[in-house]
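Architecture and fold: a report
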Amino acid sequence: MPTIPDPAAILGAVTMDIEAVQAALREDGLDGWLLYDFHGSNPIARTLAGLGGGGKLTTRRWYYLVPAAGEPLALVHRIEQDVLAHLPGRRRLYAGRAQLEAGLAELAGGGGRLAMEYSPDGAIPYISRVDAGTVEAVRRLGAAVVSSGDLVQRFEAVWSADALATHRAASASLYRIKDRAFALVAERMATGAPVNELEVQQAMVGWFEQEGLVSDSAPVVAAQEHSGNPHYLPTPASSRAIGRDEIVLLDLWGKRDAAGAVYADITWVGYTGAHVPAEEAAVFRAAREARDAAVARVRDAVRAGRELRGWEVDRAAREVIDGAGFGARFVHRTGHSLGQEVHGNGVHMDDYETHDDRRLLPGTGFTIEPGIYLERFGVRTEINMHVGPREATVTGPLQAALLTLGTGGESGVAASRSYGVT
């Protein structure tokens, strides 16, 4: 397993832990890490350089080279010469393009293998932050540009103990909100009062505020055919009533409203009848078994100390759904990285949309969320995992079967709160 530094020493810090970065470079056989940004084009570099919170004017190109050994070197414009002054190492100033080219030659002219926020063929867009022209310029100077994907995980996607605590708190809040939403639907089914997707969604938005959660979007509340659209969101124009004997899918994500907090993201599915039909039950069972196969793949690898890559986790889930005959209906990756953004910069569980060959590193968190989407309805079961040094844990309950929301009264509410951990 690679050495994982304490992310609290790097993220949001005033001074980068250069020794930790250099140790990681040597461990990975790299000669340096060249950070580059223009006008916010590379949020990863900005975060690592301590510029993520703003506060400094950065309208010109800047570069910061951390070599595997020796003193770092910054290249910054004369009118913004203090932009990286908080970081250790020498600074070289430029103004005209000739000075820029000379400075870049000093940074990259020594050749060797330099990591940048680059992904071969643009395969992993979360890492592809440096434009092709800049990569060409660095290569023309004799350096071999390689992806910084696993370095980014170590220094931007690894959670501190405090971050993990914020994730667990957010997860607990999401489960409470999920319970309240299903209870609302169950109550309306019992009384016969109308309810629609938008009403449930907006109630959940209010509960987010009560729980102290923030998010980049309101939750997904999708009934019946809308649940077959993976990213459906109800609006005043699109929202439909939730009727009896229908699938209701809830997808909700959020984080604590605090600096450094990381997201949790879950999806659960209910049925507004007393008895789940055979087809709906079979489709959910296939998704559940795919989820559990992916979880087992992660747990087994971590316990054995075996290197595991994101594409392998996706493959574990996809093989189950393929075997159940629903392969063409599983139209997205199995999971994504979680961070201070809901789609983080760490490894994704993906051998479908991309071939993510980054390693699952200790301290990282991600979703497992296989789904099957038919014309009449769709299902998805989403949980979160965190990789520890020797164990990988699921950070919340797992849904074992579709929740029945149409049994009426107290039994319907109780059904919406039964987790059924597998």
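Above this note sits the structure.
Residues numbered from 1 in each chain as written. Predicted model: local features only at pLDDT ≥ 70, side-chain atom pairs only at ≥ 80, totals over all residues. Heavy atoms only, no water.

A few words now on the nonpolar core. Counting 74 residues, the largest nonpolar core has Val-200, Met-204, Val-298, Leu-360, Ile-368, Ile-372 and Met-385 as its most contacted members. For this core, the leading source of residues is helix H6 (residues 161-191), giving 12 residues. Once residues within four sequence positions are removed from consideration, Ile-368 is found in contact with Arg-291, Ala-294, Val-295, Val-313, Thr-334, Met-349, Thr-381, Glu-382, Ile-383 and Met-385. Of all hydrophobic cores here, the second largest spans 31 residues; its members include Ala-20, Ala-24, Leu-35 and Val-66. (Core = buried A, V, L, I, M, F, W, Y, C linked by side-chain atoms within 4.5 Å. Buried < 20%, exposed > 50% of the residue type's maximum accessible area, 1.4 Å probe, protein only. Helix = DSSP H or I, 4+ residues; strand = E, 2+ residues; numbered from the N terminus. Contact = heavy atoms within 4.5 Å.)

In the structure shown here, the tally under the stated rule is 3 aromatic pairs. Relative to Phe-155, the ring of Trp-33 has its centre 6.1 Å away and its plane inclined at 50°; by these criteria the two rings are tilted. Of the two residues, Trp-33 is situated in strand S1 (residues 32-37) and Phe-155 in helix H5 (residues 149-157); the sequence distance between them amounts to 122 residues. Assessed through its relative accessible area of 2%, Trp-33 is described here as buried. A ring pair is formed by Tyr-36 and Tyr-63, whose centres lie 4.9 Å apart and whose planes are at 40°; its orientation type is tilted. Here Tyr-36 is found in strand S1, whereas its partner Tyr-63 is found in strand S2 (residues 62-67), with 27 residues between them in sequence. (Phe/Tyr/Trp six-rings, centres within 6.5 Å; stacked < 30°, edge-to-face > 60°.)

What follows covers the packing of helix H8 (residues 278-304) against helix H9 (residues 310-323). Contact geometry of H8 with H9 gives a least axis separation of 8 Å together with a crossing angle of 150°. Relative to H9, the element H8 lies roughly antiparallel. With respect to the hand of their crossing, H8 and H9 are arranged in right-handed fashion. Contacts from Ala-286, Glu-289, Ala-290, Ala-293, Ala-294, Arg-297 and Val-298 of H8 reach H9 at Glu-312, Val-313, Ala-316, Ala-317, Glu-319, Val-320 and Ile-321. Taken together, the residues of the contact of H8 with H9 break down into 10 nonpolar, no polar and 4 charged. (Axes fitted to C-alpha atoms, helices over the stretch in contact; angles between N-to-C directions. Parallel < 35°, antiparallel > 145°, perpendicular 65-115°, else oblique. Left-handed = near helix turned anticlockwise from the far one by under 90°. Nonpolar A, V, L, I, M, F, W, Y, C, P; charged D, E, K, R; others polar.)

Without other data, these values stay purely geometric and don't point to any function.
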